[in-house]
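Given next are the chains, with one letter for each unit.
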Amino acid sequence: MANSHRDKIAVVTGAASGIGQAFARRLAEDGCHVVIADVQAADDTLKAIERAGRRSLFVQCDVSSPDDVAALAAEVERAFGQCDILVNNAGIFQMQPFDQVKFTDWRRVLSINLDSAFLTCQAFVPGMKRRGWGRIVNMASSTFGTVTLGYVHYIASKGGMIGLTRALASELGPHGITVNAIAPTLTRTPGAMKRGPRPGDADMEQAFVNNARRQAIPRGMTPDDLTGTLSYLTGDDAAFVTGQTFYVNGGLVRA
Ligand SMILES: NC(=O)c1ccc[n+]([C@@H]2O[C@H](COP(=O)([O-])OP(=O)(O)OC[C@H]3O[C@@H](n4cnc5c(N)ncnc54)[C@H](O)[C@@H]3O)[C@@H](O)[C@H]2O)c1
């Protein structure tokens, strides 16, 4: 089969760091040109895309801002003419017991983790529809299923991503566009390491050890454990797969 990623244009949000960086690198290695949308500089990711011999573009963008996402869409249109693959990866972690969550905290988590995907989908879906092909991958989290304490707004935002994925998949299926979600467990990234330990974990290193004990595959997870699933979901082999959430978590099956 021909390489279905070759010369596709991918937009990856939050690709300056962690999982998004690994996603951008993998899509470039698969043959895509890659646009990075992030609030922070993404020099290492840009270098990785260059090393793969693909074109890249960095757009400074707060994905929770309608104006920034409109500017992102305009930049992508100017530089590449289209977006074929959209990866809604940008997200923030904020661990707080429910009684300490202020409405501003709630809104911030919901707007960066969920409103962002609404905005980017609104911006890029019309072009995908015109071309009759598109791939959207949304970042959810295994904690939607297992429930980490002190994570009410985060888990609500990830549940929203799963709902958005299912609902949009139904609307966009007839247009050749698939929409799926990936739900990792605790993954070694700069964001996760800064987030701080969960109740019951002394520090983040212990958090990884304790999490691994609950996984069928008992080791800590890294961003590279997720890239194969992204590659599959964004290629032609997954043309009949939509509306699904893929729990990539080493088999987080034990209580
Ligand atoms: N690391 C984990 O344990 C884990 C587990 C489950 C799900 N996830 C999800 O994976 C995704 C990536 O997480 P990560 O661990 O790589 O985090 P990370 O903090 O290492 O990277 C997140 C990136 O998003 C960017 N970002 C944050 N706010 C933004 C905004 N408003 N606009 C644009 N960019 C913004 C950051 O600058 C950063 O580059 C998130 O959606 C997260 O919820 C992570």
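Notes on the structure in this doc start here. Note that this is a predicted model, so its numbers are computed, not measured.

Procedures and definitions
- Residues numbered from 1 in each chain as written.
- Predicted model: local features only at pLDDT ≥ 70, side-chain atom pairs only at ≥ 80, totals over all residues.
- Heavy atoms only, no water.
- Helix = DSSP H or I, 4+ residues; strand = E, 2+ residues; numbered from the N terminus.
- Pairing = 2+ DSSP bridges.
- Axes fitted to C-alpha atoms, helices over the stretch in contact; angles between N-to-C directions.
- Near = heavy atom within 4 Å.
- Polar contact = N/O pair within 3.5 Å; in protein donor to acceptor, adjacent residues only side chain to side chain.
- Areas by Shrake-Rupley, 256 points an atom, 1.4 Å probe, with all protein chains shown as cover.
- Nonpolar A, V, L, I, M, F, W, Y, C, P; charged D, E, K, R; others polar.

**Describing unusual backbone geometry**
For Asp7, which is not a glycine, the phi torsion comes out positive at approximately 65°. Phi is positive for Val147, close to 65°, though the residue is something other than glycine. Of note, Val147 is situated in the loop between α5 (143-146) and α6 (152-172).

**Focus on the sheet that holds strand β4 (residues 85-88)**
Pairing is parallel in the open sheet, where seven strands are placed in the order β3-β2-β1-β4-β5-β6-β7. At either end of the open sheet lies a strand with only one pairing partner, and these are β3 (56-60) and β7 (245-248). For this sheet, the mean inter-axis angle between neighbouring strands, taken without regard to orientation, is 15°. As defined by bridge partners, strand β1 (residues 9-13) adjoins strand β2 (residues 33-38) across five bridges and the pair is classed as parallel. When the bridges of β2 are listed, Val11 appears paired with Val35.

**Quick word on the site of the ligand**
In the region of the ligand, 30 residues are neighbours, and Ser17, Asp38, Tyr154, Thr187 and Thr189 sit closest. In this structure, an oxygen atom belonging to the ligand sits 2.8 Å away from a main-chain N or O atom of Ile19. Between Thr189 and the ligand, the recorded distance is 2.6 Å, taken from a side-chain N or O atom to an oxygen atom. In isolation the ligand exposes 830 Å². Once the protein is present, 94% of that is buried. Here the shell around the ligand takes three residues from helix α7 (residues 190-195), the largest share from any one element. Counted by class, the shell around the ligand contains 16 nonpolar, eleven polar and three charged residues.

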